Each structure stands twice: as C-alpha cells, then as structure tokens.
Amino acid sequence: MPAASLISYAHVGKTFDGGRGAGRVVAVDDVSLDVAEGEFLAVVGGSGSGKTTLLRLANRLIDAEEGHITVEGQDVRNLDPIGLRRRIGYVFQSGGLFPHLSVAGNIGITPKLLGWPADEIAARVDELVDLVRLDRAQHRDRLPHELSGGQRQRVGVARALAAKPRIVLMDEPFGALDPLTRDALGDDYRELHRRLGLTTVMITHDMTEAILLADRIAIMRGGRLLAQGTPAELSDSGDAYVGELLRTPRRQAERLGALLPRDGAA
Amino acid sequence: MNLFADPRWSEALGHLPDYLGNHVRVSLTALALGLAVSLPLAIAARNRRALRGALLGLASIVQTVPGLALLALFYPLLLALAAVSLSWFGFGFSAFGFLPAVLALALYSMLPVLRNTITGLQGVDAAILEAAQGVGMTPRQSLFTVELPLALPVMMAGIRTAAVWVIGTATLSTPIGQTSLGNYIFAGLQTQNWVFVLFGCLSAAVLALTVDQLLALIENGLRNRSRVRAMLGGAGIAVLVAATLVPAMTRSQTNYVIGAKTFAEQYVLSALMAQRLRAAGLSASSREGLGSNVIFGALAANDIDLYVDYSGTLWANQFQRSDIRPRQEVLDELKTMLAKQNITLLGELGFENAYALVMPRKRAEQLGIRSIADLAPHAAGMSMAADYEFFSRPEWAGLKKAYGLSFRAQRQMQPDFMYAAAASGEVDVIAGYTSDGLIAKYDLVVLADPRHAIPPYDAMVLLAPKRVGDAALRAALQPLLGKIDIAVMREANLRASGNDATSSPDAVAKWLWEKIGTK
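Note that the coordinates shown come from a computational prediction; the quantities given were computed from them, not determined experimentally. (Residues numbered from 1 in each chain as written. Chains lettered and ligands numbered in written order. Predicted model: local features only at pLDDT ≥ 70, side-chain atom pairs only at ≥ 80, totals over all residues.)

Undergrad: What exactly am I supposed to notice about the packing of helix α5 (residues 98–122) of chain B against helix α7 (residues 139–169) of chain B here?
TA: The axes of two packed helices give the description: the angle between them and the distance between them. Residues and elements named next belong to chain B. Two numbers describe how α5 lies on α7: the axes approach to 8 Å, and their chain directions differ by 160 degrees. The orientation of α5 with respect to α7, classified from their angle, is roughly antiparallel. Of the two possible hands of crossing, α5 and α7 adopt the one that is right-handed. Within the contact between the two elements, α5 uses Leu 105, Tyr 108, Ser 109, Pro 112, Val 113, Arg 115, Asn 116, Thr 117, Thr 119, Gly 120 and Leu 121 and α7 uses Glu 147, Ala 151, Val 154, Met 155, Ala 157, Gly 158, Ile 159, Thr 161, Ala 162, Trp 165, Val 166 and Thr 169. In terms of residue class, the contact of α5 with α7 is made up of 13 nonpolar, eight polar and two charged. (Axes fitted to C-alpha atoms, helices over the stretch in contact; angles between N-to-C directions. Helix = DSSP H or I, 4+ residues; strand = E, 2+ residues; numbered from the N terminus. Parallel < 35°, antiparallel > 145°, perpendicular 65-115°, else oblique. Left-handed = near helix turned anticlockwise from the far one by under 90°. Contact = placed C-beta atoms within 7 Å. Nonpolar A, V, L, I, M, F, W, Y, C, P; charged D, E, K, R; others polar.)

Undergrad: Explanation requested: the sheet that holds strand β4 (residues 66–71) of chain A in the structure shown.
TA: In a beta sheet, neighbouring strands pair by backbone hydrogen bonds and run either parallel or antiparallel. All names here are of chain A. Across the sheet, which stays open at both edges, the four strands sit in the order β2-β1-β4-β5 with antiparallel pairing between neighbours. This sheet does not close on itself; its edge strands, each paired only once, are β2 (24–36) and β5 (74–75). With five bridges joining them, strand β1 (residues 5–17) and β4 adopt antiparallel strand pairing. Each residue of the ladder has a partner; that of Ser 8, found in β4, is Thr 70. (Pairing = 2+ DSSP bridges.)

Undergrad: Explanation requested: the interface of chain B and chain A in the structure shown.
TA: Many analyses report the size of an interface as the accessible area lost when the parts associate. Counting residues at the interface gives 14 residues for chain B and 13 residues for chain A. Breaking the side of chain B that touches chain A down by element, the ones donating at least two residues are α6 (126–134) and α7 of chain B. The element that contributes the greatest number of residues to the side of chain B that touches chain A is α6 of chain B, accounting for six residues. Each residue belonging to the side of chain B that touches chain A can be placed in one class, and the counts come to eight nonpolar, five polar and one charged.

Undergrad: Would you mind going over the pairing of strand β3 (residues 40–44) of chain A with me for this structure?
TA: On any regular strand, side chains alternate: one points to one face of the sheet, the next to the other face. Residue and element names in this part refer to chain A. Within β3, five of the five residues are buried, which leaves it mostly tucked inside the rest of the structure. Both faces of β3 are covered, namely the face carrying Phe 40, Ala 42 and Val 44 and the face carrying Leu 41 and Val 43. Relative to strand β8 (residues 199–204), β3 runs parallel, the two being bridged by five bridges. Within β8, the residue paired with Leu 41 across the bridge is Val 201. Pairing between β3 and strand β9 (residues 216–221): four bridges, direction parallel. Looking at the pairing, Val 44 lines up with Ile 219 of β9. (Buried ≥ 20, exposed ≤ 12 C-beta atoms within 10 Å, placed from the backbone.)

Undergrad: What is the right way to read the packing of helix α2 (residues 7–45) of chain B against helix α3 (residues 49–64) of chain B from this model?
TA: Residues and elements named next belong to chain B. Put simply, α2 and α3 touch, their axes get as near as 8 Å, and they point 145 degrees apart. Two secondary-structure elements touch here, α2 through Leu 41, Ala 44 and Ala 45 and α3 through Leu 51, Arg 52 and Leu 55. A per-class count over the contact of α2 with α3 returns five nonpolar, no polar and one charged.

Undergrad: I'm lost on the sheet that holds strand β8 (residues 429–433) of chain B in this one. Help?
TA: All names here are of chain B. Taken together, five strands build an open sheet; the order of strands is β7-β6-β8-β5-β9 and the sheet is mixed. Two strands bound the open sheet, and with one partner strand each, they are β7 (409–412) and β9 (444–446). Adjacent strand axes in the sheet meet at a mean angle of 30 degrees, parallel and antiparallel pairs treated alike. The strands that helix α18 (residues 415–423) touches are β5 (355–360), β6 (383–386), β8 and β9; relative to β8, the one it contacts most, it runs at about 140 degrees.

So this is what it looks like as structure tokens:
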C-alpha cells in the first residue's frame, strides 16, 4: 500500500428490503477496498451493481450492516453522521442544487452550517467561483435554473469543496452532460484534485471516463467487488466481465485512431 | 343615484367600524390559531402515513359539518367546560361570542392548511432532500432551509383558501353572540332590510378579497425574495388589525347589553328597551341575532344584561316541561325557577307571541271552523306548514295528542313566507305567531285552543344575575310593563317587515313608544 488509506472498507455488507415479499436484496456483499490519500478512484459498474450504495456508506447517508468502514482512521460508526458529512465533499448526480438558493447560497451552505462568519463565507464563495471557472459578476447571484447544465455541475463541485474537505465523493457527476462539457469539466476537476491534494472517489458507469480521469479503478457487479487496479493492471485481468468493460474504450480508441489520422498522412 | 339616497345605507355605514372590526378580529385570530395548530401537525405528519391519514380524515369530516352547526355546537361545549373549570379550578370564562367563534372557525381553517402543507412538503424532490442531507444538514435544518421554502407556494395557496373560508364563515358567528358582518345579514333578512343584507355580503366579500391579496403579496415577496413586497403585505395585514382595534379601544364602555333573538319583534323590542335606558341616562348597546338557545345561557352567564323571552319557550326549552298548566301557574313557577338561577323575571309586556294554528278567515267561516277542535275532523284532507323547529317542539306533540290532529302533508318554511302561502291557498293551515302583523295583513284568523294544548307565551323581560338589585334599570323599564297589547305589537311587527327607511327597528321602536306613551 503506497500511502496511508484515507477511506477503508473491510468486509462491508448491506441489504435492502425488496418490498412486497421479495425478501432482502443484497446491495453490497463483503466488499473490502482501500482508498489511499491523494488517490483518484473510480468505481465502475452497471445499474444495480451496488456502486452508489458503496459511496453513500462512506459518509453515512446509508449505514452498513456488516464489516467496518474507516474514514481518516476513524470507524464511521463512532462518528456523528452530520459532522462526518460536513467534512466530506459530495457531488450529486446532475448537481442536486437547492433551486431556491443562489449560486453563492448553494456554494456557501456547508460553511454556513459550520457557523463560519459571513465575510469568510463570502470570500470563500468568491474563491470557489474562480476555482471552478465561473464568472463572479455574471453567475454569483443567479438561481440554479438560470444556469446551463455544465455551469450547474461546476457549482455542485464548488459546493462540495467549500468547507475545504480532504475527501470528495462524486456520484456520476458528469453523466448528464454533453460530451464536450463533460470532457472540459472532467479535466478541470482532475486538475483541482491534483492541486488541492484531494482524495476522490467517483462513481461512473462509463469505463472510458474512468480510465481517462482515475488513478485506479474498482469494478463492481451484483454487489461484489470484481477487480481493482490501474487500467494497465485491469487489462491483465482474466475476468470476462472486466474484459468486456475494457473492450469498448479499446475499440473506440482504435476506430478514432483510424478515422482521425494525424499530420495529414491520409 | 336614487338607490344610494336611501338613509339605510348611511345607517349601515354607521355600524361598519364595530361590525368590521369584530369580524376582522375574530377571523384573523381564528386563522392564526388554525395555522399555529395545523402547521406543526402537518410537519409532524409528513413522514407518518397513519397520522397523515387520520389528520386529513378528521379535518375533512369537520369540513362537512355546516358552518352554522359547527359554530352552534361549540357554544354548549364551552358552556359545559366553563362550568367544569369554575367548579374545579375556581375560575370560569365566557362561552359566549368570541371564544366559541374563534375555536370553531380555527377548526374550519385546518383542512386546506393541513392538506396543502402535507402535499407541498411531499412534493419536494427526493434528490434535493438527499442533497440537504449530503451537505450536512440536520433534519431540522433541512426542514427550515430547504423543505419549507420549497413547499411555500403550495402552503400559501392553502392558507389563502383558509383565510377566504374563515372570513366568509365568520358571518355565521352572529347567532352565538360574536358581532360580525353577519349582523347585517341576519338583521336584514329578519326585518326585510335588503340594503343591510347587500351591505353585509359586499363588505364580507371585499374583506376576504383584501386579505387574500395581501397574503398573495406576502407569498410573492417570499418566493421572489423581495423583502419589500413581503413587508408590504405584512404591513397591510398589520394595518387591518390595528385599524379594527382603534374603534374597539375608543368605544365607550357600554353598561347594559341588550340581547335580541333572530326575528323582527325581538329587534324592535331590544331597540325599544335601549331607547328607554338611554332616555334614563343609562348607556346601552344591542347584541342582536342571537340563537334561541344561546341567548338564555348568555343571560345566565352575565354576558348580556337583559332581553325579552316568552314564558312558553322557557317552560318547554329551558326547563324541559311538557305539562300544560294555566297561565298564572306557569308564570309563578317560572319566577321561582328563574330565581334559583338568580335571574329576575321583571314582568310581562302585555302581549303573547304564542304559536297558533292560523288559516284564511273566509275558508274558516265556510267550514265553520273557530277552534282547533273544529279543525280536527278536516285535517286529514289538509296540508300544514310551520317554521323549521315547530314540528320537533313539545307544543306540536301536545296539539296532536289533545286534538288527534293528523294532516295530509306537513311542510317546513321560512316564517316570512308562511303567511303568504296560507293566504294564497298553497297550504291550508300554518303554525303562525300570534303577534305577527301579517295575520291582519292577509286577513287570516287565529284558531282558538279550548283544551289549552299550547302553553302561554307571554313576552317578559328577564334581567341577568348581576342586575338583581339594579333599581335604575328597573325604573327605566317599568313604563313598558303591561303596556304593549297584542294589537299594537302586531302593527309594530307589520311596520318592521316593511322595506323602507321607516321600517328600521329603531324607527318602529320610536313609533311603538309614542303609541304606548300616550295611552
């Protein structure tokens, strides 16, 4: 293990009530996973694979039934969930912004809950608006519905970073965006991750995105952790499902290489 | 502009500060109480399916109770509570007027507030709730900074509906002793004063619209985060409340409150007594349009000081007596029974307003009918009409038993229309009131009651317990006792049912005083 792990799952299990006599549905099944400090981990899987449940266990939006989860060395069961959530950034699918609060109000919400003085919050909001490359004059006082999808998600990222967390959890953050915006936002976030020394766990169903952004990839299926490692390590995996997931980006790369010849060689 | 030249418009306007002020006070208090109860309940119930169902079900049931009945139900309930409180804790409270009206109206306001608050809170997007949790809000912070602001438009729509309902229904609080814009409507309907009826309806509608628009302004301000608009709306409501408090504070404290039931004769007699008190240098005000069951309780509880009731009504309703006794025995016994409650039977006015079977004179003569005994053989082929309560009163049971009466059909009617129906032959017999002026007007005849099945209904003045030893009051009323005979009262009642300026209770009372003063 390269560095101390900031988030650690040990034999974690979680089931849900399937409803209407369907019995218990296993969402996460005996998962052990470590996220090192400064690491960018992508968790990849289809719908129902348990990836989102795994993410929510970390800040106790959901509580585990089995196993242990530690964050910054502390077992989360011994931590106040409210305090835990305030010190972990969380980026929601398609923003999750509060529609009745301005951009500034959304970004400053966690500092406000933590009781920061108003002038410090205002300064922090300005800093973050710059950081996620929005325009202070133009966007600061807008309401979410007046922004484009990409701008909204930038606000979502800024809100997650507002209280200066060491850890950021992202739930399919760029899934609903058009490819160009998605690419730009992904790159910008990757840069922030590096510059601020963050530890990031990102959920995605898109293997290409995971390969392009993450240091390491964990693959989930049916609640179980199938494989984990760098893209290179994964491509050596003998698992059929992992191979299938990697085939798409590979084919895309090949076809793009053929269709977009460089230096006018064609 | 002939329509508005009618002096009754300015008379109506003269009552406006008092009626409107009381109306605003009772409806806004009820609305505030309703909100204070409904909002926390709705918030507590939003995630509890069983509680939610129970609350909405209960509120819906309350809503199906007619407003008048709901208001009337609260009076005996509070009366009983006040008695319990007095005997257990040593203090009572007035079950008359303001309190029962506020409670009933508050209950009435609950359904739209509950329903819209619950709907509004449940309509908040689950993703937004999750985000509130995710950024580290406590459930309380989530409720106040996210859920309530987002549910606000739906909640405000409910509050506005409740406000309009309460302001409209508050007009029905007149019969339980709460002065309101309903005073115009009740008095106007009874004395055929359509100017009053129209004035009451219009002012209630304008008030409802004004409050609705002020609430809309507040909602708009909150939604668009415009402090100016929200404050303007709030200031508007505050001004409304303040404006209604000013006349209440500057109004001279009246010493004597005179009650009146909901028919023209009572309005006239209460005006007459008020005039006598003022002539004697005593200050007096009227509390009109009180329900028959409310008014006696109000007197016993010292909420009003005096009013005119009828011996038969007290005998049958207040003391639950069904036995038929000679007139003097009834009066003597009533006096004793009333004295036990510290109520003074000051004396009789000189006429009776009894129920009586009434039919057209010509028809009666043709058939040779002079008394109810003569009528009985013909009854099976005849139809009969009475007011809304007669057929369930002991007098009717007594009549049927004494004479073996059985009519082909029985109908209930607004008393004002009954006499015309008899005159036109639409019904054959009506249960009229002996002092009604319409008996003479339509050439009807009162049938005799040889078996004394109907108890005597002498009009008599009752004084509240706290006025037991009030010599000035007795002296002021003394000239009226025994002076008003049935013919004079019938004519007064006929005048009061007219539809012009000389038919106001005050004008008729003056006429009546001149008539008996010169005797």
